[in-house]
Amino acid sequence: MKIDWQGVFPAVTTQFKEDLSIDYADSQRVVDDLINDGVTGIIALGTCGENNSLEPDEKRKLLTAIVEVVAGRVPVVVGTSELTTPRAAAFAKDAEKIGATGLMLLPAMVYVPKTAELVEHFTQVANATSLPIMLYNNPTAYRVNIGNDALEALRPVKNIVAIKESAADTRRFTDVYNAFGDRYSIFAGLDDVAYEGLLLGAQGWVSGLTSAFPAESVLLVKALKAGDLKTALEIYRWFLPLLHLDADHDLVQSIKLAEQIMGRGSERVRMPRLPLTGARRAEVTKMVEEAAASRPSLSIHKAA
């Protein structure tokens with residue numbers, strides 16, 4: 001399968017049993033439900049999938065389970081987030097063998113590289129696989145910015161084809177486009193700038209809160225693509241309080257709690273994360289319940 005880099009790609013959660021072992025069957029169910037709700041791709045083992053809280057063999061087994069349940073219906077892009085370049089390259093090779101459609105490649109974890117080191121990391125991983133690669137730029141979370149100098153140096157690497165842009169500055173979408181045209185497909189990577197990013201030319205959205213409210217997420221992107229700004233803005237204004245959760249440090253716990261409230265998954269997380277408690281839990285619960293009670297009527301906007 002080739003990837004049509006457009007639409008909504010939820011960063012799916014990893015579901016755990018009570019003993020915090022991976023619930024592979026329920027993780028498959030979550031993915032299947034999202035596909036049935038109309039998403040156009042799946043991001044497996046991203047931040048919301050708790051990539052760095054999984055053991056190497058668990059990552060490969062979970063990816064196998066996700067590829068199995070997807071069964072070619074949509075692309076499966078798998079997060080590639082490792083401490084070293086050789087580990088990332090090894091995972092890329094295994095992901096291709098397992099049947100992933102593409103990679104979402106992060107800088108090596110912990111170490112903050114110089115531009116030349118960043119470029120070399122991406123290049124070596126790309127050379128280890130024939131899969132198309134989306135780079136993940138999140139300077140706030142990872143203290144590394146994939147700037148235009150790095151993207152220029154990576155221009156000759158043919159299978160690096162897209163970038164998930166999670167810088168909060170929406171000028172970045174236009175700056176990348178102006179510098180590179182259609183060399184890189186651009187995705188909005190922060191939920192609470194999705195409308196702005198898509199309006200400014202991003203072809204798609206890697207989303208966290210889609211896991212709790214997929215129908216609204218899908219319609220938001222469809223409406224913008226159709227030029228129905230009225231519908232898109234109505235959904236976005238309703239959605240934005242929740243979308244802000246994606247930019248918080250406890251985004252995984254918040255998104256999984258939202259999933260649980262909406263009957264779509266469990267809030268269980270692995271340490272070092274812990275489920276939300278106290279005032280924060282009450283705050284997020286109230287936000288989700290209010291959003292569920294006031295969600296826009298989708299039936300009147302089907303034309304979008």
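As shown above, the structure is provided for reference.
Residues numbered from 1 in each chain as written. Predicted model: local features only at pLDDT ≥ 70, side-chain atom pairs only at ≥ 80, totals over all residues. Heavy atoms only, no water.

Peer 1: Explain the side chain of asparagine 138 to me, please; I cannot follow it from the model alone.
Peer 2: Examined against the element boundaries, asparagine 138 turns out to sit in the loop between strand E5 (133–137) and helix H5 (139–142). Taking the relative accessible area as the measure of exposure, asparagine 138 reaches 10% and is therefore buried. From its side chain, asparagine 138 meets the backbone nitrogen of alanine 141 in a polar contact 3.1 Å long. Setting aside residues up to four positions removed in sequence, asparagine 138 forms contacts with Arg143, Val144 and Ser166. (Helix = DSSP H or I, 4+ residues; strand = E, 2+ residues; numbered from the N terminus. Buried < 20%, exposed > 50% of the residue type's maximum accessible area, 1.4 Å probe, protein only. Polar contact = N/O pair within 3.5 Å; in protein donor to acceptor, adjacent residues only side chain to side chain. Contact = heavy atoms within 4.5 Å.)

Peer 1: Would you explain the pairing of strand E3 (residues 76–80) in this entry?
Peer 2: Two faces belong to every sheet, and in a regular strand the side chains alternate between them. A large share of E3 lies buried, amounting to 5 of its 5 residues. Across the two faces of E3 the burial is the same, with Val76, Val78 and Thr80 and Val77 and Gly79 all buried. The pairing of strand E2 (residues 42–44) with E3 spans 3 bridges and is parallel. Of the residues in E3, the one forming a bridge with alanine 44 is valine 78. As a crossover connection, the stretch from E2 through helix H2 (residues 56–70) into E3 is right-handed. Here E3 runs beside strand E4 (residues 102–105); their pairing, made up of 4 bridges, is parallel. (Pairing = 2+ DSSP bridges. Right-handed = clockwise from strand over helix to strand, strands pointing away.)

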